Amino acid sequence: MNTSTPLLLASLGTTVLTGCSASKQHAVTNDDQRPNVILLVADDIGYGDLSPYGEPTVRTPQVQRLADRGLRFTNAHAVASTSTPSRYSLLTGHYSWRRPDTGVAAGNAGMIIRPEQQTVADLFKQRGYATGAVGKWHLGLADKTGTQDWNGHITPGPSDIGFDYSYIMAATGDRVPCVWVENEHVVDLDPSDPIAVSYRAPFEGEPLGKTHPELLTKLRPSPNHGHDQAIVNGISRIGYMRGGRSALWHDENIADSITTKAVQFVERHAHEPFFLYLGTNDIHVPRYPHERFRGKSGMGLRGDAILQFDWTVGNLLDALDRLGIADNTIIILTSDNGPVVDDGYADLSVEQLGDHRPWGDLRGGKYSNFEAGTRIPLIISWPHHVKPGNSKALVSQIDLFASLATLLGADIAEGAAPDSRNALPSLLGKDRHGRDYIIEKAGSISICDGRWKYIAPSKGLAYNKLTDIELGNAPEPQLYDLKHDLGEQHNVAAQHPEIVARLQEMLQEEMGDR
Ligand code: NG6
Ligand code: CA
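All of these numbers come straight from a predicted model, not from anything done at the bench. (Residues numbered from 1 in each chain as written. Chains lettered and ligands numbered in written order. Predicted model: local features only at pLDDT ≥ 70, side-chain atom pairs only at ≥ 80, totals over all residues. Heavy atoms only, no water.)

Caption draft 1: Local environment of the overall build of the protein chain. Looking only at helices and strands, the protein chain features 10 helices and 22 strands. Scaling as 2.2 N^0.38, a compact globule of 514 residues should have a C-alpha radius of gyration of about 24 Å, and the protein chain matches this with 22 Å. Its C-alpha atoms give the protein chain principal-axis dimensions of roughly 60 × 60 × 45 Å. Within the protein chain, the proportion of its 514 residues that are buried is 63%. When contacts within the protein chain are restricted to residue pairs at least 6 apart in sequence, those whose partners lie at least 24 apart make up 73%. Placing the 48 positive and 63 negative side-chain charges of the protein chain at their respective mean positions leaves the two points 2 Å apart. (Helix = DSSP H or I, 4+ residues; strand = E, 2+ residues; numbered from the N terminus. Rg over C-alpha atoms; globule rule 2.2 N^0.38 Å. Buried < 20%, exposed > 50% of the residue type's maximum accessible area, 1.4 Å probe, protein only. Contact = heavy atoms within 4.5 Å. Lys, Arg positive; Asp, Glu negative; His and termini not counted. Charge placed at Lys NZ, Arg CZ, Asp CG, Glu CD.)

Below, the structure written as structure tokens:
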């Protein structure tokens, strides 16, 4: 059990928080000073995709508005270079690479976080917060793959891992089922048109992207990626589904739905402490933003989706201002992994990218061991508590769990979040050094001590032709001096065997059982 002093008490010095069990809710009063926390996780937004990160080709004034009142991190890292393992680690404080079953989840995957695991949401619940998850989920639902009752109660679900309220898509925009699941029930489902989902075989009579390209009125799949199966609202997806016609989402309304539900959650809980996990669908594929944004960025649908993401951030900030709770709300804005341009749809994002560099000065992108795979934007705002500015501290999303536990004065259950450490001083801008080292997983595994980055040898592809991304896999050890070679151009492993050996040893030690 973690018995550290709640930093919140020290920093606020006002409200006395008493311990409470997960099953017992606090009576909360209006003068309660516990800060709300919004954890806003963008999808596939790269290091160079937001204005505060300096690329002149992109304009995200609302994210800039947040950055102006917050702390911008330039050396922050996700645990993995794809969504499911990244989010798993973020919410559990457990390295996803310790488990074999945390790869990119299908839309009918079982819930990857087990109900008995303590999550970040559980910490908030323990402290009497209202908790909610809105938007992209991609962590599986129900006990095992394929056992979801899409026409009834889909359980276990978010409510079993700490979220009182949920409004989520099961997986991703490009995976069936393309429906909203609110509090573990599909929204707007007509019982006479039940949903069936399969990732094995198509349903007889249902048109597919590959057999009925004439039905693809909104987006066509890129060749060879595989998004040519079930057609939902003019876009073909990965996986097969039948039925649920009244419940199917329209891609151009996804951001509106997510934003509305997020703002409503905030409004409902404006007078009590709340924790909102908000996963935007932007800017994951298929990118088909609302017409308010389509064609507005000048760099194709990917750029338009960035504008839509920015709009979501602005809506949230406006709501907090309107409700008078902006000063008492911590916002943590980050991304689940690095950027990709063509991730499966012919949306002209490659052709119209122009001079924009989604990866900034970094090498690689989503799926990559190189820095662009996992070095992500991170902005933390907490008016009057976090001094606006920049931080070069080395931080990892793995530490959010223990840091938030410390902030809240919540108990970490025996054995929970074994990889998470308290990094609150770094996250609040008091410590500018951060972690001694971080570990990241893509095709291979890497460790970085802030200056030196070692990528373990692996048999994976060095380059993915489909996405045009350098994956950073190599059969020999790689060592990069990020201080002088942020772009990872020169493998200096042969020149520095002692550094390679030191990092290998550290990695080996971490890779023991936990
Ligand atoms: C990949 C998909 C990609 C995307 C990704 C998950 C192919 C060829 N590509 O497997 O389109 O869906 O999975 O992205 O199938 S993530 O950000 O949710 O991890
Ligand atoms: Ca992602």
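Back to the text.
Caption draft 2: Local environment of the pattern of salt bridges. One pass over the structure, following the stated rule, counts 33 salt bridges. For Asp336, the salt bridge goes to Arg87, with nearest N and O atoms at 3.0 Å. Here Arg87 lies in helix α3 (residues 83–92) and Asp336 lies in the loop between β13 (329–335) and α7 (371–374), a separation of 249 residues in the sequence. Residue class for Asp336 comes out buried when judged on its relative accessible area of 0%. Assessed through its relative accessible area of 1%, Arg87 is described here as buried. Notably, a salt bridge pairs Asp419 with Arg98, separated by 2.8 Å at the nearest N-O pair. Of this pair, Asp419 sits in the loop between α8 (400–408) and α9 (424–427) while Arg98 sits in the loop between α3 and α4 (120–126), and the two are 321 residues apart along the sequence. Considered together, Asp419 and Arg98 belong to a single accessibility category, that of buried residues. Put simply, Asp43, Arg87, Lys136 and Asp336 are held in one network by salt bridges that share partners. (Salt bridge = Lys/Arg side-chain N within 4 Å of Asp/Glu carboxyl O.)

Caption draft 3: A look at the confidence of the model for the protein chain. Model confidence for the protein chain is summarised by a mean pLDDT of 94, while 94% of its residues fall at 70 or above. Low confidence marks residues 1–7, where pLDDT is under 50. Its contacts with residues over four positions away, or in another chain, come to 15 contacts. Note that pLDDT drops below 50 for residues 9–31; the model gives that stretch 37 contacts with residues more than four away or on any other chain. (pLDDT = per-residue confidence, 0-100.)

Caption draft 4: The site of ligand 1, seen in detail. As a structural note, the neighbourhood of ligand 1 is formed by 19 residues, with Ser83, Lys136, Asp174, Asp343 and Lys366 the closest of them. Between ligand 1 and Asp174, the relevant distance is 2.6 Å, taken from an oxygen atom to a side-chain nitrogen or oxygen of the residue. Here ligand 1 has 450 Å² of accessible area as a free molecule, and 83% of this is covered by the chains. Across the shell around ligand 1, the residue classes break down as four nonpolar, eight polar and seven charged. (Near = heavy atom within 4 Å. Polar contact = N/O pair within 3.5 Å; in protein donor to acceptor, adjacent residues only side chain to side chain. Areas by Shrake-Rupley, 256 points an atom, 1.4 Å probe, with all protein chains shown as cover. Nonpolar A, V, L, I, M, F, W, Y, C, P; charged D, E, K, R; others polar.)

Caption draft 5: Main features of the domain arrangement of the protein chain. As far as domains go, the protein chain holds domain 1 (40–186 + 258–427) and domain 2 (443–511). Once you take the C-alpha centre of each, domain 1 and domain 2 turn out to be 26 Å apart. Contacts between the two partners involve 22 residues from domain 1 and, on the opposite side, 25 residues from domain 2. Contact with domain 2 buries area across many residues of domain 1, yet Arg363, Asn369 and Phe370 alone supply 38% of it, more than any other trio. (Domains from an automatic or database assignment. Buried area = accessible area lost by both parts, 1.4 Å probe.)

Caption draft 6: Here's a closer look at unusual backbone geometry. Residue Val176 is joined to Pro177 through a cis peptide bond whose omega torsion reads 0°. Position of Pro177 relative to the elements: it lies in the loop between β5 (165–169) and β6 (180–182). At the junction of Val285 and Pro286, the peptide bond is cis and its omega measures out at -10° in the coordinates. When you line up the elements, Pro286 lands in the loop between β12 (274–279) and α6 (300–322). Although it is not a glycine, His138 sits at a positive phi angle of roughly 60°. Overall, the relative accessible area of 2% leaves His138 in the buried class. The backbone of Ala417 sits at a positive phi, close to 45°, despite the residue not being glycine. Assignment of secondary structure puts Ala417 in the loop between α8 and α9. The exposure class assigned to Ala417 is buried, which follows from its relative accessible area of 9%.

Caption draft 7: Representation of the packing of aromatic side chains. Throughout the structure, instances matching the rule amount to 13 aromatic pairs. Between Tyr95 and Trp97, the ring centres sit 4.8 Å apart and the planes meet at 20°, which makes this aromatic pair stacked. Exposure class is identical for Tyr95 and Trp97. Each is buried. With centroids separated by 6.0 Å and ring planes inclined at 85°, the aromatic side chains of Phe265 and Phe274 adopt a geometry described as edge-to-face. (Phe/Tyr/Trp six-rings, centres within 6.5 Å; stacked < 30°, edge-to-face > 60°.)

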